[in-house]
Amino acid sequence: MSNFFNYSSFPGIRPRSGADTADMSRSGAVRRIAADVVVAAGVLALFGVVAWLLPQINEPIGPSGVPSTVSDDLHLLPYYALRSVFRMFIALFLSLVFSFIYGLAAARCRRLRMVLIPLLDILQSVPILGFLSATVTIWMVLFPGSILGVEAASIFAIFTSQAWNMTFSFYHSLLSEPQELDEAARSMQLTRWQRFWKLDVPNSMIPLLWNCMMSVGGGWFFLTASEMISVNNRTYALPGLGSFVAVASEHEQLGKVLWAIVTMVIVVLLIDVLLWKPLTAWAEKFRITQNESVQAKTSLVLSVLRRSGISDALALVGRPIANLMFWLTRPLGRTGARWPAPAPGVARSTSRSWRSWLWPAWPACGCWCVSSRTARGSPRSPRDGPGTDHVHARDAADRGVLHHLGADRREIGMNPRISRFVQPLVQVLASFPSNFTFPFVTLWFIAWHIDISWGSILLMSLGTQWYILFNVIAGASAIPDDLREATRAFHLDTRQRWTKLILPAVFGSWCTGGITAAGGAWNASIVSEIVTYGHTTLTANGLGTYIANATAVGDTGKTIIGVAVMSVFVVGVNRLFWRPLQAYAERRFSVA
């Protein structure tokens, strides 16, 4: 080789000696050991915090009953932050399991879909207080004499603010799977578990991940309502940032509210660095493309995890579970899909029917594998009645729709450099609970003589626009690099790129975000139409106020009527507007 290539002609290049190779091997071993130490320390710290929190969650109820307030000592803010985050991620895990089961059932069985999708529209329109008023007593009975019953009610309330947009996202991903991938799964005769693990989850990973971020943001938005539970003339208070802000606002302590906001921003940034950035960088491998991304997303945490041996350890534990799921799902038959068989005379009969009913329960058994694999690699007059509250909800959603068609939102998903810096900011803004600003908003509304009927629209927009933003970012992130390069090769100008590629590619995600934002606006009306600071309360006439007042005094009849009216509006709007629009997106703009 030295005779063929003359190194003397290239002074900067020298052949690699054995010593250089040995040094590189030692350096690699040192880096791997350092990565193992860092990962092990992180895992031990995580389990240590969980072990420390669990006994406090299961504390017995004292003689005076469940506390109705919490301490506003600033030294307790880190502890309150841990309790809030712990509830948030338990609810997020349950939401993920629910999304897999519910989404599969709705996508794989046409008869179930006719029931489950309208039911999902109703569920996302039911406000948190509607769920709490009906279930808090049940949780207290299930866990008598323990604070765990109130904790379960709080986690369930956060779950109801997280699950619906994730389920819509997963369901939409199942319906928009490329047909060639479905045909490949059929030709390989994958079992239903294999199809779920090899095709359904990877194909839905990017939009599902961004909706998980949105769900965590939604959990922060309803944090106060889920930690200061006021139902049936009773108030149950749990330690957390939401309850701390509620107490500080009641005592008119703006300084403590500001410290709680700073704590929440720090927590959101830490979650972004330690969880969301590694996951978004890892999920890039699931984009449908024929070449590598020109600007790959990077994450220091993901690099450390890949360098360590945690992936090998997780594989040793996860592989037997995956094999078990394979053998358990074999009796359910081979893979099915939404496209009909070529031969119309082939009978699908009862076998597919009962399998479609039974199959969606299996992802719950394999969610541990999923988590292991992830670690691995218009205003109204005050005289209007409560039924006209839909003007608020639609206006808030429409403002978000128009707001997020800008180029800057598209760039977050398509440009890794912009995403690296903008994503944490978006996380903070999306996670920022509008009720944390109620003390300042109340003073502003009073000073400027702003009608709360107008102001509540702004407050609702703060909580619902993010549903559209995150879904549009997910849609832009999933655009194949091949199509982007084709637009450059054909020298398309900016207008042509938007009309021929960007808008068609994100239209389906925009529809999904619009559906969840419309439902989220109804839910946000509960906390946006009643603004309280100290002894000052601003109230807007609307359905949210109607339900909140009925829940607070324990009027079950009025609560049911309010929730029913809200559900009728949501289902009607979805069926008449959003569903036809989403069907058009799946038929016309699907990348298949």
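Position labels on residues start from 1 in each chain and follow its written sequence. Per-residue local features of the predicted model are confined to residues with pLDDT of at least 70, and side-chain atom pairs are confined, for both listing and counting, to 80 or more; whole-chain, interface and lining totals are unaffected and use all residues. Heavy atoms from the whole structure form the basis of all side-chain values; hydrogens and water molecules are not counted.

Chemist: Help me out: how do you make sense of the nonpolar core in this one?
Modeler: Soluble, globular proteins show a tendency: their nonpolar side chains are buried together. Here, nonpolar core means buried Ala, Val, Leu, Ile, Met, Phe, Trp, Tyr and Cys residues that are tied together by side-chain atoms lying within 4.5 Å of each other. Burial classes: relative accessible area under 20% of the type maximum marks a residue as buried, over 50% as exposed, and values in between as partly exposed (1.4 Å probe, protein chains only). Ranked by size, the top nonpolar core spans 119 residues in total, and within it Leu-132, Trp-220, Leu-241 and Trp-276 carry the most contacts. Strands are runs of DSSP state E lasting at least 2 residues, helices are runs of H or I lasting at least 4, and numbering of each runs from the N terminus. The element contributing the most residues to this core is helix H2 (residues 77–108), with 16 residues. Counting seven residues, the second largest nonpolar core, distinct from the first, contains Val-441, Phe-445, Val-531 and Ala-540.

Chemist: Mind showing me how you'd approach the packing of aromatic side chains here?
Modeler: Only rings of Phe, Tyr and Trp enter the pairing, Trp through its six-membered ring, and a pair is recorded when the two centres are within 6.5 Å. The plane angle decides the type: under 30 degrees is stacked, over 60 is edge-to-face, the rest tilted. Enumeration according to the criterion identifies 21 aromatic pairs in this entry. An angle of 85° between the planes, with centres 5.6 Å apart, marks the rings of Tyr-584 and Phe-589 as edge-to-face.

Chemist: Sorry if this is basic, but what is going on with the environment of Ser-84 here?
Modeler: By the element assignment, Ser-84 lies in helix H2. Through-space distance from the C-alpha of Ser-84 to that of Gly-242 is 7.9 Å; in sequence the pair is 158 residues apart. Note on contacts: a residue pair qualifies if any of its non-hydrogen atoms lie within 4.5 Å across the two residues. Residues contacting Ser-84, with those up to four places away along its chain left out, are Leu-223, Glu-227, Gly-240, Leu-241 and Gly-242.

Chemist: Is there a simple way to think about the environment of Leu-492 in this case?
Modeler: Of note, Leu-492 is situated in the loop between helix H22 (481–489) and helix H23 (494–528). In this view, Leu-492 contacts Thr-487 and Arg-497; residues no more than four positions away in its chain are not counted.

Chemist: Honestly, a nonpolar patch on the surface in this entry has me stumped. Any pointers?
Modeler: The patches described consist of residues with a relative accessible area above 30% and no salt bridge, like charges being joined within 9 Å and nonpolar side chains (Val, Leu, Ile, Met, Phe, Trp, Tyr) within 5 Å. Under the convention used here, a 1.4 Å probe and the Shrake-Rupley method define accessible areas, while residue burial counts only the protein chains that appear. The salt bridge definition used is simple: a Lys or Arg side-chain nitrogen within 4 Å of an Asp or Glu carboxyl oxygen. Side chains of Leu-74, Trp-259, Val-262, Ile-266, Leu-270, Val-273 and Leu-274 sit close together on the surface and give an oily, nonpolar patch of about 660 Å² of accessible area. Taking the relative accessible area as the measure of exposure, Val-273 reaches 42% and is therefore partly exposed.

Chemist: Please clarify how the pattern of salt bridges should be interpreted in this entry.
Modeler: As a working rule, side chains carrying opposite charge can pair if their charged atoms are close by. Scanning the model with the defined rule gives ten salt bridges in all. Residue Lys-256 pairs with Asp-72 through a salt bridge whose shortest N-O separation is 3.4 Å. Note that Lys-256 is positioned in helix H11 (residues 254–282) and Asp-72 in the loop between helix H1 (18–57) and H2, a separation of 184 residues in sequence. In this structure Asp-72 comes out as buried when scored by relative accessible area, which is 17%. Close ionic contact of Glu-151 with Arg-87 constitutes a salt bridge, the shortest N to O distance being 2.7 Å. Within this pair, whereas Glu-151 is found in helix H5 (residues 148–160), its partner Arg-87 is found in helix H2, the two being separated by 64 residues in sequence. The structure contains a network of salt bridges with shared partners spanning Arg-108, Glu-177, Asp-182, Arg-186, Arg-195 and Asp-200.

Chemist: Sorry if this is basic, but what is going on with helix H8 (residues 192–221) here?
Modeler: Residues spaced three or four apart along an α-helix face the same direction, because each turn holds 3.6 residues. Expected span of a helix, by definition, is 1.5 Å for each gap between consecutive residues, and there is one gap fewer than residues. Here H8 is 30 residues long, yet its end C-alpha atoms lie only 37 Å apart, well below the 44 Å a rise of 1.5 Å per residue gives. Two axes are fitted around each residue, one to the seven residues ending there and one to the seven starting there, and the angle between them is reported as the bend at that residue. Of all the bends found along H8, the most pronounced is centred on Met-205 and spans about 60°, while Pro-207, a proline, follows it within four residues. Where burial is concerned, most of H8 is hidden: 28 out of the 30 residues are buried.

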